[in-house]
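# Coordinate analysis (summary)
What follows is each chain in one-letter form.
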Amino acid sequence: MFTISVVIVLFFLGIITFIFRRTLLHMLMGVELMLNAVNLNLIYFSRLHQNLEGQILSLMIFVVAACEVAVGIAIIVRLFKRTGTLGVETYTEERG
Amino acid sequence: MENSLILVIVILPLIGAALNGTVAATNAFRKKEIWGEKFAGILAFGTVATSFIISLYVVFVKMSGLESIACTPYEWLSVGGLQINLTFIIDHLSAVMLLTVTGVSSVIHLYSIGYIHGDESSVRYFSYLNLFVFAMLLLILGDSMPVMFIGWEGVGLCSYLLIGFWYKDEEKAMAGKKAFIVNRIGDFGFLLGMFLIFANVGSLTISNVNEFFYHHNSMTFFWTNVAGICLFIGATGKSAQIPLYVWLPDAMAGPTPVSALIHAATMVTAGVYMVARFHGLFLVAPVAMNVVLWVGALTALFSASIALVQNDIKKVLAYSTVSQLGFMFMAAGAGAFVIAVFHLMTHAFFKACLFLGSGSVIHAMGGEQDIRYMGGLKKYMPATYITFLLATLAIAGFPPFAGFFSKDEILWNVFASAHGSKIVWVIGALAALFTAFYMFRLVYLTFFGNFRGTREQEHHLHESPKTMTVPLMILGGLSVIGGWIGIPKLLSLGIFPNLFHDFLEPALSKYGHAHIGHYSHATEYGLMAFSVAIALAGWFFARKKFSDPKIKLEDPRNYTGFVKLLWNKYFIDEIYIKFIIEPLKSLSTNIFLNISDKKIIDGAANGSAAGWRKVATIFSYFQSGNMQAYGFYMVFGVAIAFILALFIF
Amino acid sequence: MNQISFDPAFLMGEISLVALIVIMALVDAFQKPIFALMGNEKSSKLDSRNIQASWITTIGLIAVAVVYFVFGRATSGEEVVLMNNSLIAGGGMYIGKLALIGAGILAVLMSSRYTLTQTTPAMDYYLLLCFSLLGAVTLIAAENLLMVFLSLEMMSIPIYALVGLKKFSPRAGESAAKYLLLGGFSSGFLLLGISFLYGTTGSLVISEVLSQLNFVNINSISFLSGMGLIFLFIGLAFKVSMVPFHAWTPDVYEGAGTPVTAFMSVGIKLAAFAVILKIFSCMESFGEFDSVLSVIFMFFSLITVIYGNSVALVQKNVKRMLAYSSIAHAGYMGLALAPMHHKIQTIQSVLFYGIGYIAMNMLAFGVLVYFTHKENYCETLDDLKGIAKKYPGAAAMMTIAMFSLAGLPPAVGFVGKVQIFIQLLEGKMYITAIIALLFSLVALYFYINVIVVMYMRDPEKETADIGKQAIGPVWISLALSALFVLIMGLLPSSLLKWSLDWAEMIF
Amino acid sequence: MGILSWTLLIPVLGAVLMALLPSRDSYTEKSSASVYGWIAFAVSTIAMLVSLFLIAGFDSSIVEYQFQETVEWIPQFGLNYHVGIDGISILLILLTTIMMPFVVLSSFKYIEKRKKEYYIWLLSLEFTMIGAFIALNLFIFYIFWELMLIPMFFLIGIWGGPRRIYATVKFVLFTVVGSLMMLAGIVYLAILARQTFGEFTFEFEQLMKLNIPVQSQLWLFAAFALAFAIKVPMFPFHTWLPDAHVEAPTAGSVILAGVLLKMGGYGFIRLGIPLFGDAAIKAAPLMQLLAVIGIIYGACLALAQSDLKKLVAYSSISHLGYVMLGLFALTPEAIQGAILQMVNHGVSTGALFVLVGIIYERRHTREIADFGGLAYQLPVYSVVFMVITLSSVALPGTNGFVGEFLILLGSFKAAWAHFIATQAVFRLVLMVFATSGVILGAYYMLWMVQRVFFGPLENEKNKNLKDLSFREGMVLLPFVIFVFWIGIYPKPFLSKMEKSVEYYVEQHQPDFLKQPVIEMEQHEVMEESEADHTPTEH
């Protein structure tokens, strides 16, 4: 139960980072934090159930997260080039 | 189809109407004439006269010894329990009406040829007139209520068209419209009565209805009377009784022959005819009978009183017609249907004569209708004068003119019948006095004394052409002798048979007749003498007041008191406008249109649309563009999902 | 179902799709130098290369579709699980894959015109599209939560990039960032859900997970698995854009290139819905937890319908309006699940709706692409004013799309909607059904508003000439979708049968 | 394929054919290319001629549906293309097909732009209307019911007046509110059918065998009734009608009044009452109340109008109140009257709209105040107008009277039976108000005639007006013929539906109405026996 609590706390921290930090990079990091919380969870459960599926999934998550970050950083860089800021308030042109 | 001659009687005027109507429309469309008024008039007169002749043949030859003959061209409607054949039936009652109508119509058609001469739409005029005769014949001969109703509304239509004949004059068109709508109010009652009867009787054939009510009445007393009153409402509309009489005086806007034919002799008597037709029903509906009696009496007095002070020659005659119709209803209400129909017939003669006479006068005066500007016409137009005088004597009730017999019998029946009432007799007598007075006032002011019109008018004064005077003479003659076929036994001492009574009595007393109380012959003679005295008194007062050759008539604007009230016709029209028409219009415009339709219903529809747009706009503010807010929504959604899960799980 | 470790016959479609991707990558690499070497100056121009790329992709995808069809038919007699419980195949599965490939083909056909407005080589664009397509087709076949996650990301990540690819649009980057970040965020929830399910059942194979879930009484295990299911739902609800997980949709749809939007709105939605159906609808029952899921589906679907249809009402931008309409349609599809019948008809009705929705939405976006040219992306209602006068054909297409989206006969949307309501009323959810109906009235208003604008308003300025460049493929895509919408609206029997076949595979 | 399917398909085939023709008139050009009009005229005339075979082959002595055709359509839903007609629908179909060529003819001059599209929509509209009248499958009916919106939506929206967009959107939304509820009802019925018969079915005859509890019936009836009541339109769902009428082009108004509004009444008679008999009987007083309110309210509003077309539109509401009153009386007289009145209303109001359109083409105004004294300038036009007006005010001898008379008579019969059974006067009072509609009807119509045709011809612009042209005369001629034909000899029309309606009434009559029928039969027997005795007595 302890691990699950830690995971939930970590996940929540990720959420809070995503919602309250004001730059895109921080938000991306929040997402990573959430994913890592899940990884922890998976590894814990994998050990609990004595099978490898959870660990395999967490490895996959690493890979996918890396891909996501790759694309994400590219987009963020492009945005930064154009506007010179990463503040999330800048990017509210589309609304309504 | 046996008795197809009846069909010919009905169809002939329709053919005339159709031919003339087509030609009239074509003429108007091409702005030139295919055939002129002469041919149209002859065609119209010819069809109606032929109808009259065939009617005579049918009634006196084919029908002799028979109770009735009928002819059914086709089945009109057959729906569920309702089966209506387009059947024309001639029995003794409708025979009297048939002859009166076709006869008087023929005469008036003839008169019209002279009267309408020179009018640009004379062809149209004859078409309408013929159509009217057709509709009237449907009304008279229809053996079931719906067929009767076709004619009933048909004559209303023709009346509408003919009153508004000179439609370019807004007021005349208005008068036509008024006539139609007021008639519709009556028809509303007629329809309701018809429905009530159908719901109970299961048939609308008149003989079945009478049979039902007299022999197997399964309706309660209350509803029987309601049925009677409903039908009578129809009659008040058509026959211009209180409270629906208002259209008839206005109807004088139409050409004078129309006033004579429709608004005096035939159409307006349809109500009386209808009540007589349904005597089986009315005899078992005493309350309804009483209503008929009282409404008739009050109308007779009321309109006679208005007629006392009117200055328009046709208006006087119009109110007189209303009053005389009241007399007929008095008779019907007293249970003396035969007498009602008798007065109907005599009235047709003398009132038609009076109207045609007035038409002749107006013709001569170049359209002037106000008797204040007439006077002394008897030397210019003797034929008109004499016939007018004869008819006046008839209507005033001088023996041995036609009106005397019928009116006297009415008063006697009201006095003596079990359905009658002494108070009503008093009212009737008073109305008779007024009648004599205003008629002689009319005669004195029109034909005696000095001419009060303009020089130019005086220059043009002339006797009317033959086509107009011959009908006057015919009708004048009938006003004299028309009553002789119905001389009461008491008066003729049994020497002459009471032809009219003998002819009609069997048809109208099938379901028994009103009980006449026991009075001595002396009473009857006394009352008869009293009637004569009333007529004389009316003449006397009128002579005293109006025979001065240099009489100066007061300007109506200076009238005061009761006379002012009379001159303004008791302000009934104004009351109707103020309390019925205007509230209806304002209700429609202000409440129904502007509030209920626009504000409430459309408001609700448009409002909910606009309101939801507002809500949607508010919703769209959530879409702020800030992705952290979006993340927050997601978390919020998660929270909701968990709350829901916890609540339910 | 048979367990088979690997049989190429069942995976021929995917293999050919991968092959196509490889070929495209090679072409992308060598296209320009080859033309340059051949000295064909004209063909080495960007526009020409882009058009070639689109033809290559189209033909390639058609070939893939043929492969899917042929092998799908050949293997439809058997239902198997492949690769250590990762994918299911055989049976009617090829229907779903064909539908997605079809959406891909339509998107590519439109793109051939759209890419001409860009100054970048188009082959990357098509590559990304094909990658996403590959993710989508594996997603609907996934039998394993790991595979679900992987395919979902394989489907999404190329789209993140595609959204950002739009040139000349300051907003494309913003859209891409929004989509990427929120997509990652939602992946977190999805994964958390998966991890909880894994924790309570010890397996990632969907059928095993579901069979081991136990909701007989409340305890920590059932609580965790309940949480797992809910998180899983939320992760997927994000992809199908249900309120309140929808917020990215309008912004991303507006910013992305129109064909990308079109593909996103139909392909991703349908694939994600297939997974939702697989997890939430196919097993016998969740026992006590059914009522929870029922309320959750009802609640979220209903607010989705309400919100989507309402906000679409006040939009001036057609793409944005279609985005909200797409949200609302997700709500309608979700509503079918609300009664929690666990019946094949539920799955079938949603799949039918989804396939129909591919055609009608593709049609609507296709018309927007039709009017897109270098100077104008044609996105607002004002752009559409009075176009029926000059372009009656395209306007007619839009009309068909709008009527179908509004659910009026004889379009396929009508049949779909009727099926959804059959589900709802069978579940005795009368009030929900009435509310949903009322909001489809609201929807009707903004859909016919588009028609009103096209046919009954006069253009403010002379309708610009849209040019004839690469209009043919767009016409083909429009014609195909319109035919599909009308034929399946009038004679839906075959589509009903297809969706039933597919549903049997999911069930 | 039978005659019925051909009647249905010819218009739509014509529309498709026309769509394939090259576009010859550009959108902006005013004249030219009336070739489309002639094609549409030819197509609709062919459809009319084909539909005449229906009447030739129609056997009015049997109650079953005739000319039935069944083709399997969507087996998964138990959905068949199942069409057929009986005495109730045949008149309405003929009304549609006969009216259509003249509607096409009437728009030759009115429509100046986008002619091709216009005639395509017009023909499509005919297709959908016929479809709705002949459908014997609820789903098919619904599809046609909804499809009908689309052509009308374009007809009003493109060729309409200045506020056409508001009007057409309002029209669509109002109608769809109802039809969505009906859709829910249909789906529910299908589910019930599946529970009862084991499979989906939408066949009318199957659905009528369902045994639905009264509570559900009431809900379902409400759903269906809303759809039909909006289409009729009944008070208080009527406000779309004046707007739609005023803005629609002449042909649109004519079809709207002539046929489209009949869908509501037809829906009630074909579906609303038979499917939910108990609920319909329960709701009958309410429906009759709304109908009577409609009669009087519509008349009062017509009185308050200053626009000719609006006046006619409101008069429609009043007239259709009679139809609804008759339908819910459930006596054979009233129902036959109501069906006939639907036809009558189509003829009279349709003609009125044609007439208003004609004057609008000449003067480009419909304000009553702009006219006056036209009777002199336009004699033939005035005569025709007068005839139609009189038919509209139900003057005996015209068609309006037969319908209105039968409705009022039959409804009164029902009201009286109800009164006898329960001693409640509510329905009788309703009848009094309903009958008073004849007064108001005369009032507003004649007042309009008065202001338009009578009085002096003052307005300069009216002094050069041309009377009816030959084409316009041809358009109006059939209307006038029907006005008199139905008025003078209604039997051919009534006999077509007699058997169907009698059968129908047997099935759906409330109990209190059945009682007096038996009594009356006894009464008649009594009369006969008495008649036998009379000679001996006298």
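Residues numbered from 1 in each chain as written. Chains lettered and ligands numbered in written order. Predicted model: local features only at pLDDT ≥ 70, side-chain atom pairs only at ≥ 80, totals over all residues. Heavy atoms only, no water.

## Topic: the overall build of chain D
Each helix and strand in chain D was counted, giving 22 helices and two strands. Taken over C-alpha atoms, the radius of gyration comes to 23 Å for chain D, in line with the 24 Å a tight globule of 538 residues would show. Principal-axis analysis of the C-alpha atoms gives chain D an extent of 75 × 65 × 40 Å. Counting every position in chain D, which comprises 538 residues, the buried fraction comes to 72%. Expressed as a percentage of contacts within chain D between residues at least 6 apart in sequence, the contacts between residues at least 24 apart total 80%. When the accessible surface of chain D is split by element, carbon and sulfur atoms take 64% of a total near 16,600 Å². In chain D, the 32 positive side-chain charges and the 39 negative ones have mean positions that sit 15 Å from each other. (Helix = DSSP H or I, 4+ residues; strand = E, 2+ residues; numbered from the N terminus. Rg over C-alpha atoms; globule rule 2.2 N^0.38 Å. Buried < 20%, exposed > 50% of the residue type's maximum accessible area, 1.4 Å probe, protein only. Contact = heavy atoms within 4.5 Å. Areas by Shrake-Rupley, 256 points an atom, 1.4 Å probe, with all protein chains shown as cover. Lys, Arg positive; Asp, Glu negative; His and termini not counted. Charge placed at Lys NZ, Arg CZ, Asp CG, Glu CD.)

## Considerations on the overall build of chain C
When helices and strands are counted, chain C shows 20 helices and three strands. Taken against the 2.2 N^0.38 rule, which gives 23 Å for 507 residues, the C-alpha radius of gyration of chain C at 22 Å falls within 12% of a compact globule. Dimensions of chain C, computed from C-alpha atoms along their principal axes, come out at roughly 70 × 55 × 40 Å. Among the 507 residues that make up chain C, the fraction classed as buried is 71%. For chain C, the share of sequence-separated contacts (at least 6 apart) that also reach a separation of at least 24 residues comes to 81%.

## Section: the pairing of strand 2 (residues 79-82) of chain C
Residues and elements named next belong to chain C. Relative to strand 2, strand 1 (residues 2-4) runs parallel, the two being bridged by three bridges. Residue pairing across strands places N2 opposite V80, the latter belonging to strand 2. Where strand 2 lies against strand 3 (residues 87-90), four bridges are found, and the strand directions are antiparallel. Bridging from a neighbouring strand, V80 pairs with A89 of strand 3. (Pairing = 2+ DSSP bridges.)

## What to know about the interface of chain D and chain B
Contact with chain D, which involves 72 residues of that partner, is made by 58 residues of chain B. Of the roughly 5,900 Å² buried at the junction of chain D and chain B (both faces included), carbon and sulfur atoms supply 72%. Linking chain D to chain B there are two salt bridges. Scanning the region where chain D abuts chain B turns up 21 residue pairs in polar contact (both at pLDDT 80 or more). Tallying contributions element by element places helix 19 (residues 426-453) of chain D first for the side of chain D that touches chain B, with 15 residues. Residue composition of the side of chain D that touches chain B, by class: 50 nonpolar, 12 polar and 10 charged. (Buried area = accessible area lost by both parts, 1.4 Å probe. Salt bridge = Lys/Arg side-chain N within 4 Å of Asp/Glu carboxyl O. Polar contact = N/O pair within 3.5 Å; in protein donor to acceptor, adjacent residues only side chain to side chain. Nonpolar A, V, L, I, M, F, W, Y, C, P; charged D, E, K, R; others polar.)

## Describing the side chain of T399 of chain C
Secondary-structure assignment places T399 of chain C in helix 16 (residues 392-406). If near-sequence neighbours (up to four positions away) are discounted, T399 of chain C is found in contact with I451, M454 and Y455 of chain C together with F154 of chain D.

## Considerations on the interface of chain B and chain C
The partner chain C presents 42 residues to the 25 residues of chain B that form the contact. Carbon and sulfur atoms make up 83% of the area that chain B and chain C hide from each other, which totals about 2,800 Å². Applying the counting criterion to the chain B and chain C interface returns zero salt bridges. There are six residue pairs in polar contact (both at pLDDT 80 or more) connecting chain B and chain C. Of all the secondary-structure elements, those providing two or more residues to the side of chain B that touches chain C are helix 25 (572-621) and helix 26 (627-648) of chain B.

## Describing the sheet that holds strand 2 of chain C
Residue and element names in this part refer to chain C. Strand order in this open sheet of three strands is 1-2-3, and the pairing throughout is mixed. Lying at the two open borders of the sheet, with one neighbouring strand each, are strand 1 and strand 3. When the angles between neighbouring strand axes are averaged without regard to direction, this sheet yields 35 degrees. (Axes fitted to C-alpha atoms, helices over the stretch in contact; angles between N-to-C directions.)

## Overview of the state of the cysteines
The full count for this structure, using the stated rule, is zero disulfides over all chains. Cysteine C130 of chain C remains unbridged, with the sulfur of C67 of chain A as its closest cysteine sulfur at 18 Å. Under the relative-accessibility criterion, C130 of chain C is labelled buried at 1%. (Disulfide = S-S within 2.5 Å.)

## Structural notes on the packing of helix 2 (residues 37-62) of chain B against helix 4 (residues 122-141) of chain B
Residue and element names in this part refer to chain B. For the pair helix 2 and helix 4, the least separation of the axes is 8 Å and the interaxial angle reads 10 degrees. Comparing the axis directions of helix 2 and helix 4 gives the class roughly parallel. Taken together, the residues of helix 4 that come into contact with helix 2 (itself represented by E37, A40, G41, A44, T47 and V48) are S122, V123, F126, N130 and V133. Its residues assigned to classes, the contact of helix 2 with helix 4 shows six nonpolar, four polar and one charged. (Parallel < 35°, antiparallel > 145°, perpendicular 65-115°, else oblique.)

## Brief notes about a nonpolar patch on the surface
Nonpolar side chains collect at one region of the surface, where F470, M474, L477, I481, F484, W485, I488 and Y489 of chain D lie side by side and expose about 770 Å² of accessible area between them. Mapped onto the elements, I481 of chain D comes out in helix 20 (residues 470-488). (Patch = residues over 30% accessible without salt bridge, like charges linked within 9 Å, V, L, I, M, F, W, Y side chains within 5 Å.)

## Some details on the packing of helix 2 of chain B against helix 3 (residues 92-115) of chain B
Residues and elements named next belong to chain B. One can describe the packing of helix 2 onto helix 3 by two numbers: an axis separation of 9 Å at closest approach and a directional angle of 155 degrees. Comparing the axis directions of helix 2 and helix 3 gives the class roughly antiparallel. Here helix 2 runs over helix 3; the crossing is left-handed. Residue-level contacts link G41, I42, A44, F45, V48, A49, S51, F52, S55, L56, V59 and F60 of helix 2 to A95, L98, L99, T102, G103, S105, S106, H109, L110 and I113 of helix 3. Grouping the amino acids of the contact of helix 2 with helix 3 by side-chain chemistry returns 14 nonpolar, eight polar and no charged. (Left-handed = near helix turned anticlockwise from the far one by under 90°.)

## Overview of the nonpolar core
Among the nonpolar cores identified, the biggest contains 740 residues, and F189 of chain C together with F268 and F405 of chain D are the most heavily contacted of them. In terms of residues, this core owes the most to one element, helix 7 (residues 164-197) of chain D, which gives 21 residues. Setting aside anything within four residues of it in sequence, one finds F189 of chain C in contact with F11, I15 and M34 of chain A, M634, V635 and V638 of chain B together with F231 and I234 of chain C. (Core = buried A, V, L, I, M, F, W, Y, C linked by side-chain atoms within 4.5 Å.)

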